Amino acid sequence: MHDLLQEMGRDIVRQECSGEPGRRSRLWNFEYINHVLTKNTGTGAVECIKFYFLTCMVVTFNNFGKESSF
């Protein structure tokens, strides 16, 4: 039952803005997160970014002209 509720919630968030992930309230998919942070398309609508790293990786984003690594 929990998985069904989780997927229903994700569908609702996807419907908030199907074209641009930066206008959604929550981001959980690495492709969406990467797009929003590298293209600087995030808006005030983003309330939560949640991602689980299964392997170690270095991700570098350009943050207002300053390079930041996480």
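Residues numbered from 1 in each chain as written. Predicted model: local features only at pLDDT ≥ 70, side-chain atom pairs only at ≥ 80, totals over all residues. Heavy atoms only, no water.

(A) Expanded view of helix α2 (residues 30-39). Here α2 starts with a cap whose side-chain oxygen sits 2.7 Å from the backbone nitrogen of Glu31, and that cap is Asn29. Positive phi appears at Asn40, one or two residues downstream of α2, with a value of about 55 degrees. (Polar contact = N/O pair within 3.5 Å; in protein donor to acceptor, adjacent residues only side chain to side chain. Helix = DSSP H or I, 4+ residues; strand = E, 2+ residues; numbered from the N terminus.)

(B) Representation of the confidence of the model for the protein. Mean pLDDT for the protein: 80, with 79% of residues reaching 70 or above. Every residue in residues 66-70 scores below 50 in pLDDT, and together they form 14 contacts with partners more than four places removed in sequence or on other chains. (pLDDT = per-residue confidence, 0-100. Contact = heavy atoms within 4.5 Å.)

(C) Fine view of the environment of Cys17. Assignment of secondary structure puts Cys17 in the loop between α1 (2-16) and β1 (26-27). Its relative accessible area of 16% is what places Cys17 among the buried residues. Excluding residues within four positions of it along the chain, Cys17 makes contact with Arg23 and Arg24. (Buried < 20%, exposed > 50% of the residue type's maximum accessible area, 1.4 Å probe, protein only.)

(D) How the structure looks around the packing of aromatic side chains. Applying the stated criterion to the full structure yields two aromatic pairs. Judged by centre distance (5.2 Å) and plane angle (45 degrees), the ring pair of Phe30 and Phe51 falls under tilted. Within this pair, whereas Phe30 is found in helix α2, its partner Phe51 is found in the loop between β2 (48-49) and β3 (60-63), the two being separated by 21 residues in sequence. Phe51 sits in the partly exposed class, given a relative accessible area of 30%. The lysine or arginine in question, Arg24, covers the ring of Tyr32, its NZ or CZ lying 4.6 Å from the ring centre. (Phe/Tyr/Trp six-rings, centres within 6.5 Å; stacked < 30°, edge-to-face > 60°. Lys NZ or Arg CZ within 6 Å of the ring centre and 35° of its normal.)

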